[in-house]
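Structural overview
So the chains spell out like this:
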Amino acid sequence: MNDYDVHRGIDVLRVFCGPDGRYGNALGVVRDGSGHPDEASRQRLTRQLGFSETVFVDDPERGRVDIHTPGLRLPFAGHPLVGAAWLLDLEILELAVGDVFARQDGEFTWITARPEWAPPRTLQQYASTAEIEALPGPPPGEGWLYTWAWEDEAAGRVRARAFPRRGEATGIVEDEATGAAAMLLSAHLGRALNITQGRGSQILTAPAPDGTVEVGGRVLMAARGRTRATAPTGYRRRTPCRRPADRHCPARSR
């Protein structure tokens, strides 16, 4: 479905928008998961939508959600959960791996999770941001790759790009903004990060002493399914993200 021509019951969000409200990773949200009750039907719809991930909401009051890529079901993923937390406006999202805590802080939506819940990622450091930006596509090899370089190490600013390299015909060569990989990188480095990924998406992270990592960013409503008249119970209408007010995140805003 091109240009977000989605059917009724599906919202499209952009998660981890840049400071000017552009970019972010597109996310499909199926507001009533009961219409796709089994994994096979969810995979068909996810492939049809063509986003890197699609979330199926199984219980909007309790925050029970199910995450799919065009090729597989995921136990955890960052940008789908940040997007779902923003849309559902809940403090807890229920996953099979455990509860994900969420909060709103001004224009930023944050989730708190454990790095071990994230699927494996290879974190490959480059010497400069210029090398990251010059990559013509996925480096040779197999497996999910997160390339990164320090933009300003003292300030915790990172430049990154992500390549799924799943070896399947998903059509997704590069992931615009990847919360799970950002969480893994933050846990690996043991420090808060301000990550610019892809064309200009922004991801913020903050590790905690208990081993969890908080991941946050801006979310924008890109499209609502056509012919929708009203929002169902458990959903709150949202406005698009706008330019940041530095007071919300003085240490990490760009």
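Small disclaimer: the values here were computed from a predicted structure and weren't measured. (Residues numbered from 1 in each chain as written. Predicted model: local features only at pLDDT ≥ 70, side-chain atom pairs only at ≥ 80, totals over all residues. Heavy atoms only, no water.)

**Brief notes about the overall build of the chain**
- Along its length, the chain carries 4 helices and 14 strands.
- Evaluated residue by residue, the chain yields a buried proportion of 54% over its 254 residues.
- A fraction of 59% describes how many contacts in the chain between residues 6 or more apart in sequence connect residues 24 or more apart.
- Total accessible area on the chain stands at roughly 11,200 Å², and carbon and sulfur atoms take up 47% of it. (Helix = DSSP H or I, 4+ residues; strand = E, 2+ residues; numbered from the N terminus. Buried < 20%, exposed > 50% of the residue type's maximum accessible area, 1.4 Å probe, protein only. Contact = heavy atoms within 4.5 Å. Areas by Shrake-Rupley, 256 points an atom, 1.4 Å probe, with all protein chains shown as cover.)

**A few points about the pairing of strand S2 (residues 25-30)**
- Burial analysis of S2 places 6 of its 6 residues in the buried class, the great majority of the element.
- The sheet contact formed by strand S1 (residues 10-17) and S2 spans 6 bridges and is antiparallel. Bridge pairing in S2 links Asp 11 to Val 29.
- Taken together, the 3 bridges between S2 and strand S3 (residues 54-59) define a ladder with parallel strand orientation. Bridging from a neighbouring strand, Gly 28 pairs with Thr 54 of S3.
- In this view, the connection linking S2 to its parallel neighbour S3 by way of helix H1 (residues 39-49) has right-handed handedness. (Pairing = 2+ DSSP bridges. Right-handed = clockwise from strand over helix to strand, strands pointing away.)

**Things to note about the packing of aromatic side chains**
- Under the counting rule described, the total for this entry stands at 2 aromatic pairs.
- Note on Trp 148 and Trp 150: the rings are 5.4 Å apart at their centroids and 85° apart in plane angle, and the pair reads as edge-to-face.
- Overall, the relative accessible area of 17% leaves Trp 150 in the buried class.
- Geometry around Trp 144 places Arg 121 over its ring, the cationic atom sitting 4.0 Å from the centre. (Phe/Tyr/Trp six-rings, centres within 6.5 Å; stacked < 30°, edge-to-face > 60°. Lys NZ or Arg CZ within 6 Å of the ring centre and 35° of its normal.)

**What about the environment of Gly 71?**
- Tracing the sequence through the fold places Gly 71 in the loop between strand S4 (64-68) and strand S5 (73-74).
- Distance from Gly 71 to Glu 53, taken between C-alpha atoms, is 9.6 Å for residues 18 residues apart in sequence.

**Considerations on the pattern of salt bridges**
- Counted according to the given criterion, the structure contains 15 salt bridges.
- Arg 31 serves as the salt-bridge partner of Asp 11, at 2.8 Å between the closest nitrogen and oxygen. Placement of the pair is Asp 11 in strand S1 and Arg 31 in the loop between S2 and H1, with a sequence separation of 20 residues.
- Between Glu 94 and Arg 64 there is a salt bridge; the shortest N-O distance is 3.2 Å. A residue pair is termed long-range when its members are at least 10 positions apart, and Glu 94 in strand S6 (residues 92-95) and Arg 64 in strand S4 qualify at 30 residues. (Salt bridge = Lys/Arg side-chain N within 4 Å of Asp/Glu carboxyl O.)

**A look at unusual backbone geometry**
- Even without being a glycine, Tyr 23 presents a positive backbone phi close to 65°.
- Looking at the secondary structure, you find Tyr 23 in the loop between S1 and S2.
- In this structure Tyr 23 comes out as partly exposed when scored by relative accessible area, which is 22%.
- With a phi close to 55°, Asp 89 is a non-glycine residue in the positive phi region.
- For Asp 89, the position within the fold is in the loop between helix H2 (78-88) and S6.
- By relative accessible area, which is 25% here, Asp 89 ends up partly exposed.

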